[in-house]
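One letter stands for each residue in the lines below.
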Amino acid sequence: MVTARISFMGVGGLSQRHATRIGSLSTVGVVAALAAEARALGRAREHRAESASFGNLKFLSDGSMLAISGIGGAAASAAAAALVDAGVSALMVFGTAGGLDPRLVAGSLVLPTDIIVPEGPRWTRIATASLWRERLSAGWRTERPVADGCVLSSGHPVESIADKASLFRDTGAVAVDMESAAVARVAAEHKMPFVCVRVVVDTAADVLPRAVAAASRAGRVRLGRLLLGMAIAPADIAAVIKL
């Protein structure tokens, strides 16, 4: 069981402007693409004020706010914007990812230092909040390895082993997802701390199942028992929001 409590106070570097805006230093906004991913964070209750632009937001047990976005950058951006409108002071993207680094096994925890974003023929990087990330990492490293490096945010599912190898070679990213860049951009726009927490499900040596890839393109997927197969217990993942 992870003993470190990972609250908003682990963010560090919060400006007085944000503190004044919400009157508290305790509200983290969490974007998860899938309900199955969000369930690993524990029980959530509906937020009283429904976001007109997004839908119902939820509160986790510690008061952090959760938005289940659906898959993809556009959906994640809308969710992050709704959380900002609701008054959060920092943003986290949470969920599963595909492994690119062959050293990462299924269940590996990834807390990237940067998000790599394709910009035409080039790659750009968006940094995560270093102090917040380091405190999260320190709480877990006593029990299991934590990978840092970079996460590539892709506009489409990366299905084949060859494609994964090519992206690893070209970018050096350890894992790939489809939402982190969008959430990072919203955080940067509002000058908020941002972190990314990912758990590898399909490794660099795994082909993404066609059904999952098709569902990802459509912005939906049923994970079922997927998270139950991770090397990290759901109770450990729930500690992400509870410093």
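Calculation criteria
- Residues numbered from 1 in each chain as written.
- Predicted model: local features only at pLDDT ≥ 70, side-chain atom pairs only at ≥ 80, totals over all residues.
- Heavy atoms only, no water.
- Helix = DSSP H or I, 4+ residues; strand = E, 2+ residues; numbered from the N terminus.
- Buried < 20%, exposed > 50% of the residue type's maximum accessible area, 1.4 Å probe, protein only.
- Contact = heavy atoms within 4.5 Å.
- Areas by Shrake-Rupley, 256 points an atom, 1.4 Å probe, with all protein chains shown as cover.
- Pairing = 2+ DSSP bridges.
- Core = buried A, V, L, I, M, F, W, Y, C linked by side-chain atoms within 4.5 Å.

Caption draft 1: Highlighting the overall build of the protein chain. Helix and strand counts for the protein chain stand at eight helices and twelve strands. Taking all 243 residues of the protein chain together, the buried fraction comes to 53%. Long-range pairs, those at least 24 residues apart, make up 78% of the contacts in the protein chain with a sequence separation of at least 6. Accessible area for the protein chain stands at about 11,100 Å²; split by element, carbon and sulfur atoms hold 54% of it.

Caption draft 2: Examining the pairing of strand 5 (residues 90-99) more closely. Among the ten residues in strand 5, ten count as buried, and that is most of the element. In terms of strand pairing, strand 1 (residues 28-32) meets strand 5 through five bridges, oriented parallel. For Val30, the partnering residue across the bridge sits in strand 5 and is Met92. By the bridge criterion, eight bridges tie strand 5 to strand 12 (residues 194-202) in an arrangement that is parallel. Along strand 12, the bridge assignment pairs Gly98 with Asp202.

Caption draft 3: Highlighting the nonpolar core. If you look at the biggest cluster of nonpolar residues, it comprises 34 residues, and the most contacted ones within it are Val31, Leu83, Leu91, Val110, Ile115, Val183 and Phe194. Among the secondary structure elements, those contributing two or more residues to this core are strand 4 (65-68), helix 3 (73-86), strand 5, strand 7 (114-119), helix 6 (180-189) and strand 12. Formed by 21 residues, the second largest nonpolar core is a distinct cluster that contains Val28, Val30, Leu60 and Val195.

In short, shape yes, function no, at least from these values alone.
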